[in-house]
Amino acid sequence: MQFSHPSISGYNRSTVPRNSIQQLSPALVNRIAAGEVIERPASVVKELVENSIDAGATHISVEIEDGGRILMRIVDDGSGIPADELPLAFASHATSKLQSDADLSRINTMGFRGEALASIGAVSQASILSRMADAPNAYEINNRGGQIDQPQAAAGNVGTTITVRNLFFNTPARRKFLKGAGTEFGHISETLIRLAIPHPEISFELINNGKRVLELAREKSQTRWIAGWPEDFAESGLPLDVRDAEISLTGLIGQPELARPIAKNQYIFLNGRPIRDRFIQHALREGYRGLTEPGRHPAAILLISMPPQDVDVNVHPTKSEVRFRDSSRIHGLIMSAVREKLLGSNLVPLAVPRLSASAPPQDSERKELRERLAEFFKSSLPDSPPAATVPAMPSIPPSSPLPAAFPLPTPFPREIIPAIQLHNSYLVAESDDGLIIIDQHALHERIMYEDLLARVSRGTLESQRLLIPVTLPAAGRQQELLEQIQPLLKRVGIEAASIGPDAVAIHSFPTFLQRLDPVEFLTELLDRGEQETVAPNQEELLHEVLDMMACKAAVKAGDPLSPTEIDALLAQRHLIDRSSNCPHGRPTTLRMTLRDLEKQFKRTGF
Ligand SMILES: Nc1ncnc2c1ncn2[C@@H]1O[C@H](COP(=O)(O)OP(=O)(O)OP(=O)(O)O)[C@@H](O)[C@H]1O
Ligand SMILES: [Mg+2]
């Protein structure tokens, strides 16, 4: 082959000297391997604290100087290491945690590779001081960048102290890339908290430049869990505790409003090991679907326990990723546990009047209210559209007057009685302890969505055949997508099929979306589907389609509403799940308490 580029054509094979293949020295092998395991001071702390946990310690102390650059010392009161095994502790591929090949498939310790201490020793000046409970004294062994001395008798308590000085002293490139002491220390304390959360039976302390900055006593699980969360999250954590025959899921999940653009407040543990896992993160997000804005990560502390043989922990150099044998089971378990918890909880403490905030309607109450209202409105969502009025509110017949005899006042919170519409967009009502402001579109959208979901779960949505099918251009990926979602579209009342490589025809369309242009609707749906990077599963797709339908069919900002419609809308708010947020996760309701008003008007001393 001829190369025209000068630097390539000038590359002459014969001028490149070839060296013979050589076995690397063990010290160099370790230094290279250390690059994988030890990225920064926090990695050292992680490995050493994991070792202390594996050694059965009940107290672990971590001492840091200069962000870990000068010194890291981990002291534990665990089992200790016998003097004659100290050189092996620093050797690579040497571990007490795997005794046979088969053990690799049922790991129940944090460590298993026999690699961490060798790696740390290869890139620092490290020492192990250790004493077994039945030994008269301790022994110490030093390792200077891979040069390991003989163990010497020394004074020391039962347990193990590992000291690591001058990290990366012999790998200057790594040392240069370390960030400032504050940043590195931040990583260290975050790492320690992650390790401490699933181990409330161990007390921890963290000392930075001689000052104790963190102290975690032995405590109850729940108290320890919240140690990792910002203080104001603590109160609002919703406890999870579900288990099947083999898997248990415990922890806390945060109110939807605590979701953040990054997954900073998410702590996931598998059998006590902090892990990152995009399936679990996805399951969590799905559980919050419709309660948080897309792309936001809910706050959660999830502790999953399962038989070690059902998960492979040997897939990542820092052991922070795992592979589940049956990931869809874990996904389903987490998603449904989270969803169920959220449905049973009051989610918007600052946007719901106290009357309902303190006691969200029980299922039986809710059912009764729903039945009574349904009786009044005949049906909460007529299958055929209401008489042509603008705006059409399919779930609330616009012309129904409220009969005087309708027994609303007793069971319903006050806010539904007098409410006014402002700027044809917001509803303002008095609540038990102040006032609430409702975004009419967002609330109606949620009501429609819940109604549609209930209908689809009972059967197919009613649709109308178009006299003349309408067509839209769609090719390639969009055609594939259509084929995939055809059965789902049918369930929601849309019949559409390819009529050649570049076009699609719509044959029927849901009755209640009569006001919408079918071509516009399907075009938008296919466009959105095409932009998804991860192929959504059938359930996600169904939600997506229902979201779109609800959004398009709901009253809009700017639509005037009659007093009857306003009342009906507010009444329905108490009958549906997740009324606090629209299906896109934005709030439907904001609350202002009398106390807030007094504060703003400076009527009190606050
Ligand atoms: N704090 C400690 N207390 C008691 N024994 C320890 C302690 N730290 C290390 N050891 C012993 O030294 C061995 C080597 O530790 P190292 O961290 O290098 O490997 P590992 O924990 O077995 O596996 P991994 O490389 O996955 O961490 C351990 O298997 C354990 O027997
Ligand atoms: Mg280890």
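Up top is the structure.
About the cut-offs
Residues numbered from 1 in each chain as written. Chains lettered and ligands numbered in written order. Predicted model: local features only at pLDDT ≥ 70, side-chain atom pairs only at ≥ 80, totals over all residues. Heavy atoms only, no water. Axes fitted to C-alpha atoms, helices over the stretch in contact; angles between N-to-C directions. Helix = DSSP H or I, 4+ residues; strand = E, 2+ residues; numbered from the N terminus. Parallel < 35°, antiparallel > 145°, perpendicular 65-115°, else oblique. Left-handed = near helix turned anticlockwise from the far one by under 90°. Contact = heavy atoms within 4.5 Å. Nonpolar A, V, L, I, M, F, W, Y, C, P; charged D, E, K, R; others polar. Core = buried A, V, L, I, M, F, W, Y, C linked by side-chain atoms within 4.5 Å. Buried < 20%, exposed > 50% of the residue type's maximum accessible area, 1.4 Å probe, protein only. Near = heavy atom within 4 Å. Polar contact = N/O pair within 3.5 Å; in protein donor to acceptor, adjacent residues only side chain to side chain. Areas by Shrake-Rupley, 256 points an atom, 1.4 Å probe, with all protein chains shown as cover. Salt bridge = Lys/Arg side-chain N within 4 Å of Asp/Glu carboxyl O. Phe/Tyr/Trp six-rings, centres within 6.5 Å; stacked < 30°, edge-to-face > 60°. Lys NZ or Arg CZ within 6 Å of the ring centre and 35° of its normal. Patch = residues over 30% accessible without salt bridge, like charges linked within 9 Å, V, L, I, M, F, W, Y side chains within 5 Å. Expected span 1.5 Å × (residues − 1). Pairing = 2+ DSSP bridges.

## Overview of the packing of helix α10 (residues 278–287) against helix α11 (residues 327–343)
Working step 1: As a packed pair, α10 and α11 sit with axes 8 Å apart at the nearest point and diverge in direction by 30 degrees. Looking at the two axes, α10 sits roughly parallel to α11. Between α10 and α11 lies a crossing whose hand is right-handed. Of the residues in α11, those touching α10 at F279, I280, H282, A283, L284, E286 and G287 are S327, I330, H331, I334, M335, V338, R339 and L342.
Working step 2: A breakdown of the residues in the contact of α10 with α11 according to their chemical character gives 9 nonpolar, 4 polar and 2 charged.

## Some remarks on the nonpolar core
In globular proteins that are soluble, nonpolar side chains generally tend to be buried together.
Working step 1: If you look at the biggest cluster of nonpolar residues, it comprises 53 residues, and the most contacted ones within it are V49, I60, V62, I128 and I301.
Working step 2: Residues within four places of I128 in sequence aside, it is in contact with I81, L86, A89, F90, L117, Y139, E140, I141, T160, T161 and I162.
Working step 3: Among the nonpolar cores identified, the runner-up in size contains 34 residues, and L461, L472, A474 and F512 belong to it.

## With respect to the site of ligand 1
Working step 1: In the region of ligand 1, 22 residues are neighbours, and N51, T95, S96, K97 and E115 sit closest.
Working step 2: Contacts to ligand 1 include N51, whose side-chain N or O atom sits 2.8 Å from an oxygen atom.
Working step 3: Expressed as a share of its isolated accessible area of 590 Å², the protein-covered part of ligand 1 is 94%.
Working step 4: Secondary-structure elements contributing two or more residues to the shell around ligand 1 are α3 (41–54) and α5 (116–122).
Working step 5: In the shell around ligand 1, the residues fall into 7 nonpolar, 9 polar and 6 charged.

## With respect to the environment of Y288
Working step 1: Along the chain, Y288 turns up in the loop between α10 and β14 (300–305).
Working step 2: Sequence separation of Y288 and M335 is 47 residues, and the distance between their C-alpha atoms is 8.4 Å.
Working step 3: When near neighbours in sequence (up to four residues on either side) are disregarded, Y288 contacts I253, G254, Q255, P256, P298, A299, V338 and L342.

## Brief notes about the pattern of salt bridges
Working step 1: In this structure the tally under the stated criterion is 23 salt bridges.
Working step 2: Across the pair E47 and R113 runs a salt bridge, and its minimum N-O distance is 3.3 Å. In this pair, E47 is assigned in helix α3 and R113 in the loop between α4 (86–89) and α5, connecting sequence segments 66 residues apart. The two residues E47 and R113 agree in class, both being buried.
Working step 3: Notably, a salt bridge pairs D66 with R69, separated by 3.7 Å at the nearest N-O pair.

## What to know about the packing of aromatic side chains
Working step 1: Going through the model one piece at a time under the given rule, you end up with 1 aromatic pair.
Working step 2: Seen from their ring centres, F509 and F521 are 5.8 Å apart, and the 75 degrees between their planes marks the pair as edge-to-face. Note that F509 is positioned in strand β22 (residues 503–510) and F521 in helix α16 (residues 518–531), a separation of 12 residues in sequence.
Working step 3: By relative accessible area, F509 is classed as buried at 5%.
Working step 4: For F521, a relative accessible area of 1% puts it in the buried group.
Working step 5: One Lys or Arg, K319, reaches over the ring of F112 and ends 5.9 Å from the middle of that ring.

## As for the environment of L195
Working step 1: Within the secondary structure, L195 is located in helix α7 (residues 181–196).
Working step 2: L195 sits 142 residues away from I53 along the chain, and the two C-alpha atoms are 9.0 Å apart.

## Remarks on a nonpolar patch on the surface
Working step 1: Residues I420, L422, Y426, I437 and L590 make up a contiguous nonpolar surface patch of roughly 440 Å² in combined accessible area.
Working step 2: Checked against the element boundaries, Y426 lands in strand β18 (residues 426–431).
Working step 3: By relative accessible area, which is 40% here, Y426 ends up partly exposed.

## Some points on helix α14 (residues 440–458)
One full turn of an α-helix is made of 3.6 residues, so residues set three or four places apart face in the same direction.
Working step 1: An ideal rise of 1.5 Å per residue puts 27 Å on 19 residues; α14 measures up with 27 Å between its terminal C-alpha atoms.
Working step 2: Where burial is concerned, most of α14 is hidden: 16 out of the 19 residues are buried.
Working step 3: The residue sitting at the N-terminus of α14 and contributing the capping side-chain oxygen is D439; that oxygen lies 3.1 Å from the backbone nitrogen of H441.

## Thoughts on the pairing of strand β11 (residues 248–253)
Working step 1: For β11, the tally of buried residues reaches 6 of 6 residues, placing the bulk of the element in the interior.
Working step 2: Both faces of β11 are covered, namely the face carrying S248, T250 and L252 and the face carrying L249, G251 and I253.
Working step 3: As defined by bridge partners, strand β10 (residues 238–243) adjoins β11 across 6 bridges and the pair is classed as antiparallel. Counted as the bridge partner of L240 is G251 from β11.
Working step 4: Hairpin connection from β10 to β11: 4 residues lie between these consecutive antiparallel strands.

## Structural notes on the pairing of strand β3 (residues 125–131)
Working step 1: The element β3 is extensively covered by neighbouring structure, given that 6 of its 7 residues are classed as buried.
Working step 2: The hairpin formed by β3 and strand β4 (residues 138–144) contains 6 residues between the paired strands.
Working step 3: Pairing of β3 with strand β7 (residues 159–165) involves 7 bridges; the strand directions are antiparallel. If you follow S127 over to β7, its bridge partner there is T163.

## A look at the sheet that holds β22
Working step 1: Overall, antiparallel pairing links the 3 strands, which are arranged β20-β22-β21 in an open sheet. One side of each edge strand has no neighbouring strand; the edge strands of this open sheet are β20 (463–473) and β21 (495–498). Taking each pair of neighbouring strands and ignoring which way they run, the sheet shows an average axis angle of 15 degrees.
Working step 2: Of the strand pairs in this sheet, β20 and β22 are connected by 7 bridges, and their pairing is antiparallel. Bridge pairing in β22 links L472 to V504.
Working step 3: Its contacts with the sheet put helix α15 (residues 476–491) on β20, β21 and β22, and the angle it makes with β21 is roughly 155 degrees.
Working step 4: Its contacts with the sheet put α16 on β20, β21 and β22, and the angle it makes with β20 is roughly 60 degrees.

## Concerning the side chain of T163
Working step 1: Residue position: T163 is located in strand β7.
Working step 2: Looking at T163, its side chain comes within polar contact range of the side chain of R73, at 3.2 Å.
Working step 3: Setting aside chain neighbours within four positions, we find T163 in contact with L71, M72, R73, Q125, A126 and S127.

## Quick look at unusual backbone geometry
Working step 1: Even without being glycine, N271 reaches a positive phi, approximately 45 degrees.
Working step 2: Classification of N271 by relative accessible area gives partly exposed; the value is 32%.

## Focus on the sheet that holds strand β13 (residues 273–274)
In any sheet, the strands associate via hydrogen bonds between backbone groups, in a parallel or an antiparallel arrangement.
Working step 1: Taken together, 5 strands build an open sheet; the order of strands is β10-β11-β14-β12-β13 and the sheet is mixed. Looking at strand neighbours, the two that pair on one side only are β10 and β13, the edges of this open sheet.
Working step 2: Helix-sheet contacts for α11 involve β10, β11 and β14, and the interaxial angle to β10 is about 135 degrees.

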